[in-house]
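# Fold and geometry: a report
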Number of protein chains: 4
Amino acid sequence: MTTKNTAILLISCPDQKGLVAGIADFLYQHNANILHADQHQDAELKLFLMRVEWELAGFDLDLNDFEQQFAPIAARFQMQWRLAHSAYRPKLAIFVSRYDHCLADLLYRYQAGELNCDIPLILSNHTDTQWLAEAYRIPFQHIVVSREDKTDAEKTQLALLRHHHVDFIVLARYMQVLSADFIRHYPSRIINIHHSFLPAFHGARPYHRAFERGVKLIGATSHYVTEVLDDGPIIEQDVARISHRDSLDDLIRRGADLEKIVLSRAVRWHIENRVLLYANKTVVFD
Amino acid sequence: MTTKNTAILLISCPDQKGLVAGIADFLYQHNANILHADQHQDAELKLFLMRVEWELAGFDLDLNDFEQQFAPIAARFQMQWRLAHSAYRPKLAIFVSRYDHCLADLLYRYQAGELNCDIPLILSNHTDTQWLAEAYRIPFQHIVVSREDKTDAEKTQLALLRHHHVDFIVLARYMQVLSADFIRHYPSRIINIHHSFLPAFHGARPYHRAFERGVKLIGATSHYVTEVLDDGPIIEQDVARISHRDSLDDLIRRGADLEKIVLSRAVRWHIENRVLLYANKTVVFD
Amino acid sequence: MTTKNTAILLISCPDQKGLVAGIADFLYQHNANILHADQHQDAELKLFLMRVEWELAGFDLDLNDFEQQFAPIAARFQMQWRLAHSAYRPKLAIFVSRYDHCLADLLYRYQAGELNCDIPLILSNHTDTQWLAEAYRIPFQHIVVSREDKTDAEKTQLALLRHHHVDFIVLARYMQVLSADFIRHYPSRIINIHHSFLPAFHGARPYHRAFERGVKLIGATSHYVTEVLDDGPIIEQDVARISHRDSLDDLIRRGADLEKIVLSRAVRWHIENRVLLYANKTVVFD
Amino acid sequence: MTTKNTAILLISCPDQKGLVAGIADFLYQHNANILHADQHQDAELKLFLMRVEWELAGFDLDLNDFEQQFAPIAARFQMQWRLAHSAYRPKLAIFVSRYDHCLADLLYRYQAGELNCDIPLILSNHTDTQWLAEAYRIPFQHIVVSREDKTDAEKTQLALLRHHHVDFIVLARYMQVLSADFIRHYPSRIINIHHSFLPAFHGARPYHRAFERGVKLIGATSHYVTEVLDDGPIIEQDVARISHRDSLDDLIRRGADLEKIVLSRAVRWHIENRVLLYANKTVVFD
């Protein structure tokens, strides 16, 4: 994968006339070659959401000056906006417990060049997955988390994250609930994988409950972590058909394949700045 | 579709050695040509479930004598069992309110010979779908259901069902909750379609709630009706992918396609005696 | 379904800077409220494709003057373009032979308001589906097509299509091959449903060949008709999983459900002016 | 995964009365506890296919004596049959070229205990994947294959396979065509992954051709290798939806995920003795 040298502008603002013209004119005046532009209007909330990506080769505005130059347009349309540079590789920390399938999948994709990020750190409350970290040469930190010392453990975790300038966190089947305080340090920057089709079977042991309920499909859900458990904005979901022939163990095994795919899609979209949040849900620009 | 002339035996009993041999010997002694045999063991509940279908041509036992002849085997293995004759067309009553997509789909499939049943009766608390009943020449009964007179309405409905010797009922988007008393008249013989992937969004307005929650897939669930709302044994489920581009109206339109397919599969499987119930869930022998 | 009052502009031209700005400025100057804008760049062919839809309420340019006003921009960017008015209901003629499932599905959706078109005419080389046409009150024409008189039959068909000002044609399992001459009268305006996942099993008897080959999925493909059989631009495809338990009859029955859905999606997208053609393939703007 | 201690009997023979009774009686007389029994009748070819699995604990017949004891029944019904012991771990050799995604997936699943086999050997005509073999501690052999010396290379390969008592071979994106002579050494024991929905796009560069044809779904197919290229019995297939937004590189990346899943399913089913071959197609007992 060759690294692209593009800029990405993500915008959300009240819907109004002249928005597209205003943005397109600004980019054209600076000689931008637009590669992708995607927009969405929420008719009910009267909201305009946009993602536009352009080549930096030929663009005559230094990205450091972008904010100042773009400010009048942003003010005129009351925009919330964010500029990203595709060449920047965000720093990802992976949290994991014992199950290693999601970690193995992320590390393989990282190594294969599918994920345009750096992984300075894997954090685990167990040592089961250390061999994987070593095979892919990623630093591994074992931090015990017990009921009594969760606060201390989180302090240690946060210090490590700061030290490595971590941009976002992926909970790759991390079996500890993070404190509200921890989450506030990484708002909309912690991605979790839940092993059910949320909101069905939120909480613990979803495969057991799916098996008992006799559903005909199992699912997995990746979402941003908020203070309400399993209630954050959903990034991606998928399901697989099961039948009475599938035992609980089969559900767990087949669910693991779903979890891997659903989580890795969410991580890639997050890295590629495709996800826009509003009203506790996401727009994923494809 | 040519009508098959087969017998179907459905069995559920404690799992134990010699079961298959016992059943297969009995059928072989009476010269049965087995067309399909499918079995399932629930390892946890130590339960054996079986569906076996054989041709009646050549079978030397009159079906009227089957019970008496099979009784010793059934007793030996503590079987719950049921014999069905594929040439018998069960009598189906369809309940419907205003939405007509499920009704239209069932009637088309009925007319096309996909559903091996008779439909002596369509019951509705509205008249919106009367034209469809007339196009397919099915008797249509309009029975108003108001909050005060639900008991009276159900009495009228039950009388009609008895008069037409109805075997089972399909709620094709029937927007009234049936009383526990009504349900007891047709245990495991009322099939409902719920417009969500149960247990997510049970209860009212599932599409609205799916839209608000920002799920990435919508679903539909067909299930037998029990006294607990939306909690009966699930027969079939399916889902479709949606995106932020889909408005609430799109969800409703696309969901209608799911509902049709999920309901018609459940109805066909019920008619073909493929569904076995246990532990509030279903085995669907395919 | 309330009829929208919008204009839709479909553009294809060499990719170049300033395109989006040029189009957006033009619309903004005429006070357009853009509802949807979607674009696609083909990097290899250096092609820009766009669909933009805006409300006509408040738009200060009469659509009859649009061409003249837009001409300078179109010329500057060497555009191929087309303007559509969402309130216009295109006239659809359905061709059908004996299988009625696609016809029944289209007529139901038409009646339910899902297809924003008029259907002045159903043409068939058989009379099997006449009852359906009558149930939905659509004029039905029976035109026999024999090997010797195909030319005459097509003359009669073309005269009827002209008489009814037909805009586009759907072949809903029409089992006759249209002549190249006929097709030239409706370029990119004849939609066919093929009962396989093209290009697998193009030509005759695809279900039989799928069954023999032992594939694990069956499919259906809707495409525009060109002079090369089963080779026109694909609009939509879908598949369903099958197993050894499915007989050839099961494949045909289950395939029918795929055909209905795949064809109706293509027809709706065509009506909603979502399909852009280039390089013998389609972009479907969703 | 705890290793099961079961026996599996796979049978194919002309369909006839008394088959199930004969087999079930035999097993019952030897005190077998049947865990799974699945059968299939091919009505057209009048063929009976069966897979039955029973616990060896309590079974009073030594598996070494099985053939002799079962011979009369096998002869009576003209059976082709095969007995497998679930505790036996077949020996798998993986052939790979440069693409490593299928190899990485198989090795992960092997290590996670999903594949009940041994992998004594990875063979490659390149060294790109050696690091993966080493991470999972599997012996890796680099054997150069050039146009002139394919025969010599195959001799070397065959010698290695014999030396390691290899039972079956998986071509995990191995980009060399095997000779008919080589294939004859492992009839129905070489599994290939083809990166298209066969029979569409058989032969070379399927993603390129899928992209050019403008299909709306891409697929992958795992099949047994026969002397006719890409024509062997299909074990498993799956597809994924694509759109005009997907570049050729996206197709290749997304196809890789399909290839992994489709291949690993086929390998697992083969190991679990679930696949029965007849008429150049497969029955996969689930």
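Here, the structure is the one placed above.
The present account deals with the structure reproduced in this document. Nothing here was measured: the structure is a model prediction, and the numbers come from that model. (Residues numbered from 1 in each chain as written. Chains lettered and ligands numbered in written order. Predicted model: local features only at pLDDT ≥ 70, side-chain atom pairs only at ≥ 80, totals over all residues. Heavy atoms only, no water.)

Mapping chain B onto chain C calls for a screw motion: a turn of 180° about the axis and a shift of 0.0 Å along it, with 0.0 Å RMSD after fitting. In the structure described here, the two chain copies are related by an operation that fits a two-fold rotation axis. Across chain B, the smallest distance between a C-alpha and the rotation axis is recorded for Ala135 of chain B, namely 2.9 Å. Most of the interface of chain B is mirrored in chain C, where 100% of its interface residues again form contacts. (Least-squares fit on C-alpha atoms with pLDDT ≥ 70 in both. Contact = heavy atoms within 4.5 Å.)

Moving on, we come to the side chain of Asp246 of chain B. Residue and element names in this part refer to chain B. Within the secondary structure, Asp246 sits in the loop between strand E11 (234–241) and helix H8 (248–271). When its relative accessible area of 12% is taken as the criterion, Asp246 is described as buried. In this structure the side chain of Asp246 is engaged in a polar contact, spanning 3.3 Å, whose partner is the side chain of Arg254. Those residues in contact with Asp246, other than ones at most four positions away along the chain, are Phe211, Leu251 and Arg254. (Helix = DSSP H or I, 4+ residues; strand = E, 2+ residues; numbered from the N terminus. Buried < 20%, exposed > 50% of the residue type's maximum accessible area, 1.4 Å probe, protein only. Polar contact = N/O pair within 3.5 Å; in protein donor to acceptor, adjacent residues only side chain to side chain.)

Residue and element names in this part refer to chain C. Looking at the element boundaries, His164 is found in the loop between helix H5 (150–163) and strand E8 (168–171). What makes His164 partly exposed here is its relative accessible area of 22%. Taking the C-alpha atoms as reference, His164 lies 9.3 Å from Leu92; in sequence the two are 72 residues apart. If sequence neighbours within four positions are ignored, His164 has contacts with Lys91, Pro120 and Leu121.

Sheets are built from strands that pair by backbone hydrogen bonding, the pairs being arranged parallel or antiparallel. Residues and elements named next belong to chain A. Spatial strand order, E7-E6-E5-E8-E9-E10-E11: 7 strands in an open sheet with mixed pairing. Strands at the two margins of the open sheet, each flanked by one partner only, are strand E7 (140–142) and strand E11 (234–241). Taken over all neighbouring pairs, the strand axes of this sheet differ in orientation by 15° on average, direction set aside. The pairing of strand E6 (residues 118–124) with E7 spans 3 bridges and is classified as parallel. Residue pairing in the sheet places Leu123 in a bridge with Gln141 of E7. This element, helix H5 (residues 150–163), spans strand E5 (91–96), E6, E7 and strand E8 (168–171) of the sheet and lies at about 170° to E6. (Pairing = 2+ DSSP bridges. Axes fitted to C-alpha atoms, helices over the stretch in contact; angles between N-to-C directions.)

When chain B is brought onto chain A, the operation consists of a screw motion whose angular component is 180° and whose axial shift is 0.0 Å, with 0.0 Å RMSD remaining. Looking at the interface residues of chain B, 100% of them are also at the interface in chain A, so both copies use one shared face.

This paragraph deals with helix H3 (residues 101–111) of chain C. All names here are of chain C. With 9 of its 11 residues buried, H3 lies for the most part within the structure. By the burial criterion, the buried members of H3 are His101, Cys102, Leu103, Ala104, Asp105, Leu106, Leu107, Tyr108 and Arg109. One or two positions beyond H3, positive phi appears at Gly113, with a value near 85°.

Residue and element names in this part refer to chain C. An order of E7-E6-E5-E8-E9-E10-E11 is seen for the 7 strands of this open sheet, with the pairing classed as mixed. Looking at which strands have only one partner, the edges of the open sheet turn out to be strand E7 (140–142) and strand E11 (234–241). Across the sheet, the mean angle separating the axes of adjacent strands is 15° when strand polarity is ignored. Sheet topology places strand E5 (residues 91–96) next to E8; 4 bridges connect them, and they run parallel.

Counting residues at the interface gives 19 residues for chain B, matched by 19 residues for chain C. Interface area for chain B against chain C, summed over the two sides, is near 1700 Å², with a carbon-plus-sulfur share of 47%. Of all residues in chain B, Tyr108, Arg245 and Arg253 of chain B give up the largest surface area on contact with chain C, accounting jointly for 31% of the area buried on that side. Joining chain B to chain C, the criterion identifies 6 salt bridges. In this structure, Arg245 of chain B engages Asp286 of chain C in a salt bridge whose closest nitrogen and oxygen atoms are separated by 3.5 Å. If you list the elements that add at least two residues to the side of chain B that touches chain C, you get helix H3 (101–111), helix H4 (130–135) and H8 of chain B. The greatest single-element share of the side of chain B that touches chain C, amounting to 6 residues, is contributed by H3 of chain B. Classifying every residue of the side of chain B that touches chain C by side-chain character gives 6 nonpolar, 2 polar and 11 charged. (Buried area = accessible area lost by both parts, 1.4 Å probe. Salt bridge = Lys/Arg side-chain N within 4 Å of Asp/Glu carboxyl O. Nonpolar A, V, L, I, M, F, W, Y, C, P; charged D, E, K, R; others polar.)

All we've got here are geometric facts, nothing functional implied.
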